[in-house]
Structures are given as C-alpha cells and as structure tokens.
2 protein chains.
Amino acid sequence: MKDNLLFTSLVSELKRGNLTLCVLSQLKTPQYGYSLLQTLSEQHIEIEANTLYPMLRRLESQGLLDSSWDTTESRPRKFYSLSTQGQTLFIDLLKAWKEQNKQTALLLGEESHA
Amino acid sequence: MKDNLLFTSLVSELKRGNLTLCVLSQLKTPQYGYSLLQTLSEQHIEIEANTLYPMLRRLESQGLLDSSWDTTESRPRKFYSLSTQGQTLFIDLLKAWKEQNKQTALLLGEESHA
DNA sequence: TACAATACTGTATGTCACACAGTATAATTA
DNA sequence: TAATTATACTGTGTGACATACAGTATTGTA
C-alpha cells in the first residue's frame, strides 16, 4: 500500500517493542527459531528471520530465555523457552503493554472525533 | 513498581513508535515543545523533554512537520504543526497502529487463557 | 542432480530514546 | 531585591535494536 520509506521505518518503530512481547508470549512452551517464525506468521505477526534470530540470542543473554539444542531429530534445532525471570517479566510487560495501549487509544480516540 | 533495568528498557522499546504517533496526533493544531510536554503528560503519555525535542526536530527534517518561531509573546516559542505530508502519513500510521494492536491482542489473548 | 526449504551464525548500519550538558529568560518567593 | 524555580529551548553522545547482507550446512523434492 505504502512504498514510502519513511512510512515503512515508522511502522517498524511501531512494531519494535511489540515483537519482543509477542515472542515472549509464545515461549511458555519451548520452540525453535524457525517454528516461531512460522507460528507468528500464521498469527499475522510479521517478523523477519534477521530480526528474530538476533532477538532470541539477545533475550537469552539477558536471562529471559533458556535454550537447549535438540540433536535427536534429523536436523539440529535450538529450542528456546521462558526462564523463571522471563515468565515474571512477561507478566509485567504485558501489563505495561495494556496500560500503554489504553492511554494511547484514549488520546487518539479524542483526536479522531475532533 | 519495577526497578529492574531490563524491564525499564523493554517498556521504553514498547513506547518507541507509539510516542511518534501520539505527538503527530496532537499537531493538527500548532503547538510548541513545552506545551506538548504538558498536554501529553496530562493525558498520561509519559515523554521526556530529552526525547521530545530531538523528535520534533527529526520529524521536521523528515518533512512531516512545519515550524515557525513566535516571538510576539514574552518568550520565544517554536511552534510545530503537521505538514500536508505529515497529515497523510499520520492517517496511514494510525491505520497501521490499529491493525498491529488488533493482531497483537489476538495473539496475547489466545495465550492468556491457555 | 539441481533447487528450494529448513535452520541457523556473524557482522555492519542507521535510527531512536534518553542521558548529560549547556543557554537564557520570566515568574515567584524568601 | 536576590535567589530560586519554571519555562523553553539547543547540542552531542551512548547503547539498544530492527534490519540488511553474507555465509554455513543439511534435508527433501522435482
């Protein structure tokens, strides 16, 4: 719809924090990168491999995710899941997301019928 | 509530794109930095001066805002308002925001009663 | 047997929120 | 009337992140 570069980058900024929340929400049960990519895509959450893989490594290094390699299948897969800290943080982050959305919607709502 | 640094930075990421949208929404009528700071604060949108001022300059340099100095009052004030391009972009960005929120809410909603 | 799909790693770039530092005037208060 | 606070900005640096680009290697399929 919009081939405007500026628009694209603003939408990207819009997605930024949301993507982390979405990924965390999916990792109550272990998943590996590629499966997450597909799950999220099916749920209409667009995230690129180039974004997801670094993000998973980052979240692990921050202590929010645990990981382990599964080598029993045909192909080695790195499974990630929420650590204890990750679970707690996800709950708080979800709360923050809801609160922020509520306030933003109020602001934009008032504007929209002005 | 949370003095956790990691949590703080994740919330900050969450706000990132939203703040731009909020600021754009307020500039259908001209406002200056300091007044915006107060308006947004009253509407429970937390944004720091250190964030807002560079953002206004950025949005102007990107062509989304026009600006003009008002020197008739006691204190010089730089007024910003949406440019034509800014108006169009705001409408598209608002659409993108709504769509993204809908999809995210669906994903998180399904998770929350799992 | 070539090609697409799967499943990653590693590095570089540009943008942004925010910190920190600074300038300067008006209004308030002690 | 002197000190302080609120107003109203500019400028620069840092760290985090999304994404681009490049690469590795295996499996399934046409």
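Residues numbered from 1 in each chain as written. Chains lettered and ligands numbered in written order. Predicted model: local features only at pLDDT ≥ 70, side-chain atom pairs only at ≥ 80, totals over all residues. Heavy atoms only, no water.

**Re the protein's contact with DNA strand D**
Move 1: Lining the immediate environment of DNA strand D, one finds 23 residues, of which Asn50 and Arg58 of chain A together with Tyr34, Arg75 and Arg77 of chain B sit closest.
Move 2: Near-protein atoms of DNA strand D (within 4 Å) split between backbone and bases, with sugar and phosphate holding 68%.
Move 3: A distance of 2.8 Å separates a phosphate oxygen of DNA strand D from a polar side-chain atom of threonine 51 of chain A.
Move 4: A distance of 3.1 Å separates a phosphate oxygen of DNA strand D from a polar atom in the backbone of glycine 33 of chain B.
Move 5: At the level of secondary structure, the elements contributing two or more residues to the surface near DNA strand D comprise α1 (5-26) and α3 (49-61) of chain A together with α2 (33-42), α3 (49-61) and β3 (77-82) of chain B.
Move 6: The leading source of residues in the surface near DNA strand D is α3 of chain A, at four residues. (Near = heavy atom within 4 Å. Polar contact = N/O pair within 3.5 Å; in protein donor to acceptor, adjacent residues only side chain to side chain. Helix = DSSP H or I, 4+ residues; strand = E, 2+ residues; numbered from the N terminus.)

**A short note on the protein's contact with DNA strand C**
Move 1: The environment of DNA strand C is formed by 22 residues, the closest being Arg75 and Arg77 of chain A together with Glu48, Asn50 and Arg58 of chain B.
Move 2: Looking at DNA strand C alone, sugar and phosphate atoms form 69% of those within 4 Å of the protein.
Move 3: Between DNA strand C and tyrosine 32 of chain A there is a distance of 3.1 Å, counted from a phosphate oxygen to a side-chain nitrogen or oxygen.
Move 4: Residue glutamate 48 of chain B places a side-chain N or O atom 2.5 Å away from a phosphate oxygen belonging to DNA strand C.

**Here's the deal with the relation of the copies chain A and chain B**
Move 1: Overlay of chain A on chain B (RMSD 0.0 Å): rotation 180 degrees, translation along the axis 0.0 Å. On this basis, the relationship between the two copies can be described by a two-fold rotation axis. Proximity to the rotation axis, assessed at the C-alpha, singles out arginine 16 of chain A in chain A; its C-alpha lies 3.7 Å from the axis.
Move 2: Both copies contact each other with a shared surface, as 100% of the interface residues of chain A are interface residues in chain B too. (Least-squares fit on C-alpha atoms with pLDDT ≥ 70 in both. Contact = heavy atoms within 4.5 Å.)

**What to know about the interface of chain A and chain B**
Move 1: Contact residues are listed per partner, giving 41 residues for chain A and 41 residues for chain B.
Move 2: For the chain A and chain B pair, buried surface summed over both sides reaches about 4100 Å², with 65% attributable to carbon and sulfur atoms.
Move 3: Among the ionic pairs, arginine 16 of chain B bridges to glutamate 13 of chain A, the shortest N-O distance being 2.6 Å.
Move 4: Applying the counting criterion to the chain A and chain B interface returns 11 residue pairs in polar contact (both at pLDDT 80 or more). (Buried area = accessible area lost by both parts, 1.4 Å probe. Salt bridge = Lys/Arg side-chain N within 4 Å of Asp/Glu carboxyl O.)

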